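Structural overview
Here is what each chain is made of, one letter per residue.
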Amino acid sequence: MCGRYVIARSVDDLLFDVRAVAGQPLQDLPTGEVRANWNVAPTSEVPILLERLDDDAAAPLRELHVARWGLIPGWAKEASIGTRAFNARSETVVDKPMFRSAIRHRRCAVPANGYYEWKKRLDADGQPVKATKDRPAKQPYYVHPADPEQNIWFAGIYEWWQDVDGTWVLSCSILTTEAPSTDSQQENLAELGELHDRLPIALTRGTLGDWLDPTLGAGKDAEAEESVLELVGRVRQEATEAAAPWQLRAVGSAVGNVRNNSPELVEPIQALF
């Protein structure tokens, strides 16, 4: 699962990282300034990377756009449906009515410095315990690349939705998969498995281009559907490889309140359990 994350990069840094150009409305904003959100929550506006076809271009255009986090399918009657759709399970994304059109035709990548996850306190039987005054039920952790300058590009999907007043809303969701095994020989992967049973899927650089390619799976025949299934399977298989360089550190409980938004949220503390 990924319900909170950090993005603190300038538009220029993100564009340079993936050789993209700014889409609207980023074209009209200062792209050299760091745009920081240390506590991104569902319904926040976030940058996403996508490729689109253009009749005047020989190849798909790779652009950075701004989207609402929480997918709103085109058939939705209200935008509020997206509040619950900030994650999409990769195991079922091809079949779920909420996501199946986007995964075939509108895939994107969502940049992040890192993300937050909450580790549950368990009893002797492995069951979650309730919080008390002196013993919290959960401990937040910040998960991030070892190199603070390295970006994570989460596998995402996006949709366009039109409100009753004619306004178009761009929205997105982040794909998740099973977390690494707690028996992993690599310590940080085992820690990810202990942290939560779900893992947001990060794209490797080798797969980023295929994931964004709007022509892959664009048809309606069986071959197109099979190519999408193969692509989803590939990013799931590579999720552990992409997460291998990540590190975890316990952080303070302030991140649990979306009104808190500062660099101090990612400062390490001594884990409470």
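What this report covers is the structure whose coordinates are included nearby. (Residues numbered from 1 in each chain as written. Predicted model: local features only at pLDDT ≥ 70, side-chain atom pairs only at ≥ 80, totals over all residues. Heavy atoms only, no water.)

**Re the overall build of the protein**
Rules: We count a stretch as a helix when DSSP gives it H or I for four or more residues in a row; a strand needs E for two or more, and each element gets its number in order from the N terminus. Here the globule rule is a power law, 2.2 Å times the number of residues to the power 0.38, and the radius of gyration is based on C-alpha atoms. Each residue's exposure class comes from its accessible area (1.4 Å probe, protein chains only) as a fraction of the maximum for that residue type: buried when under 20%, exposed when over 50%, partly exposed otherwise. Here the accessible surface of atoms and residues is derived via Shrake-Rupley with a 1.4 Å probe, and residues count as covered only by protein chains that are part of the display. Neither His nor the chain termini are counted; the positive set is Lys and Arg, and the negative set is Asp and Glu. One atom stands in for each charge, and that atom is NZ of Lys, CZ of Arg, CG of Asp or CD of Glu.
Along its length, the protein carries five helices and 13 strands. Relative to the 2.2 N^0.38 estimate, which gives 19 Å for 273 residues, the radius of gyration of the protein is 19 Å and therefore close to what a compact globule would have. The C-alpha extent of the protein, read off along each of the three principal axes, is 60 × 45 × 40 Å. Looking at the protein residue by residue over its 273 residues, the buried ones come to 49%. As displayed, the protein has an accessible area near 13,800 Å², and 48% of this comes from carbon and sulfur atoms. Charge centroids of the protein, computed over 29 positive and 40 negative side chains, lie 7 Å from each other.

**Considering the pairing of strand β4 (residues 45-52)**
Where a strand is regular, its side chains alternate between the two sheet faces. The condition that has to hold: The pairing criterion is simple: DSSP has to find at least two bridges between the two strands.
The element β4 is extensively covered by neighbouring structure, given that six of its eight residues are classed as buried. Here β4 pairs with strand β5 (residues 61-69) via eight bridges, running antiparallel. What sits directly across from Leu 50, in β5, is Glu 63.

**Side note on helix α5 (residues 222-243)**
Definition in use: Here the expected length of a helix is defined as 1.5 Å per residue gap, with one fewer gap than residues. What we call the bend at a residue is the angle made by axes fitted to the seven residues finishing there and the seven residues starting there.
The first and last C-alpha atoms of α5 sit 32 Å apart over 22 residues, in line with the 32 Å expected at 1.5 Å per residue. Along its length, α5 reaches its greatest deviation from straightness, about 35°, at Gln 237. Along α5, the residues that are buried comprise Ala 224, Val 228, Leu 231, Val 232, Arg 234, Val 235, Glu 238, Ala 239, Ala 242 and Ala 243.

**What about helix α1 (residues 11-18)?**
What counts here: Working note: the arc is built from the helix axis to C-beta atom directions.
Listing the buried residues of α1 in full gives Val 11, Leu 14, Leu 15 and Val 18. All buried residues of α1 lie within an arc of 100° about the axis, which places them on one face of the element. Looking one or two residues past α1, Arg 19 carries a phi angle of roughly 55°, positive in sign.

**Details of the sheet that holds strand β9 (residues 138-145)**
The condition is simple: Convention adopted: a line fitted to C-alpha atoms gives each axis, helices being fitted over their contacting stretch, and angles between N-to-C directions are expressed from 0 to 180 degrees.
Strand order in the open sheet formed by five strands is β3-β1-β8-β9-β13, with antiparallel pairing between adjacent strands. Either end of the sheet is taken by a strand with one partner, and the two such strands are β3 (34-40) and β13 (246-250). The average undirected angle you get between the axes of adjacent strands in this sheet is 20°.

**Focus on the pattern of salt bridges**
The test is simple: Throughout this description, the term salt bridge denotes a Lys or Arg side-chain nitrogen within 4 Å of a carboxyl oxygen of Asp or Glu.
Taken as a whole and assessed by the stated rule, the structure comprises ten salt bridges. A salt bridge links Arg 205 to Asp 17, with the nearest nitrogen and oxygen atoms 2.8 Å apart. Of the two residues, Arg 205 sits in helix α4 (residues 205-212) while Asp 17 sits in helix α1, which places them 188 residues apart along the sequence. Here Arg 205 falls in the partly exposed class, since its relative accessible area comes to 46%. The partner of Arg 52 in a salt bridge is Glu 63, with the nearest N and O atoms 2.9 Å apart. Linking Arg 52 in strand β4 with Glu 63 in strand β5, this pair joins segments that are eleven residues apart in sequence. Owing to a relative accessible area of 7%, Glu 63 belongs among the buried residues under this scheme. Each of Arg 52, Asp 54 and Glu 63 takes part in a single network of salt bridges with overlapping partners.

**Overview of the packing of aromatic side chains**
How we decide: Think of it this way: a Phe, Tyr or Trp ring, Trp meaning its six-membered ring, pairs with another when their centres are within 6.5 Å, and the plane angle makes it stacked under 30 degrees, edge-to-face over 60, tilted otherwise.
One pass over the structure, following the stated rule, counts six aromatic pairs. A centroid spacing of 6.1 Å and a plane angle of 75° characterise the contact between Tyr 115 and Phe 154, whose relative ring orientation is edge-to-face. Remark: Phe 154 occurs in strand β10 (residues 152-162) and Tyr 115 occurs in strand β8 (residues 114-120); sequence separation between them is 39 residues. The burial state of Tyr 115 is the same as that of Phe 154; both residues are buried.

**Things to note about the side chain of Ser 44**
Stated formally: Note on contacts: a residue pair qualifies if any of its non-hydrogen atoms lie within 4.5 Å across the two residues.
By the element assignment, Ser 44 lies in the loop between β3 and β4. For Ser 44, a relative accessible area of 19% puts it in the buried group. Excluding anything up to four places from it in sequence, Ser 44 contacts Asn 37, Ala 67, Arg 68 and Trp 69.

**Regarding the nonpolar core**
Soluble globular proteins tend to pack their nonpolar side chains together in the buried interior. Rules: In this text, buried Ala, Val, Leu, Ile, Met, Phe, Trp, Tyr and Cys residues form a nonpolar core when linked through side-chain atoms within 4.5 Å.
In terms of nonpolar packing, the biggest core is built from 72 residues, with Tyr 5, Ile 48, Leu 192, Trp 211 and Trp 246 touching the most fellow members. For Trp 246, the contacting residues outside a window of four places in its chain are Tyr 115, Val 143, His 144, Pro 145, Ile 152, Phe 154, Asn 188, Leu 192, Leu 199, Pro 200 and Ala 202.

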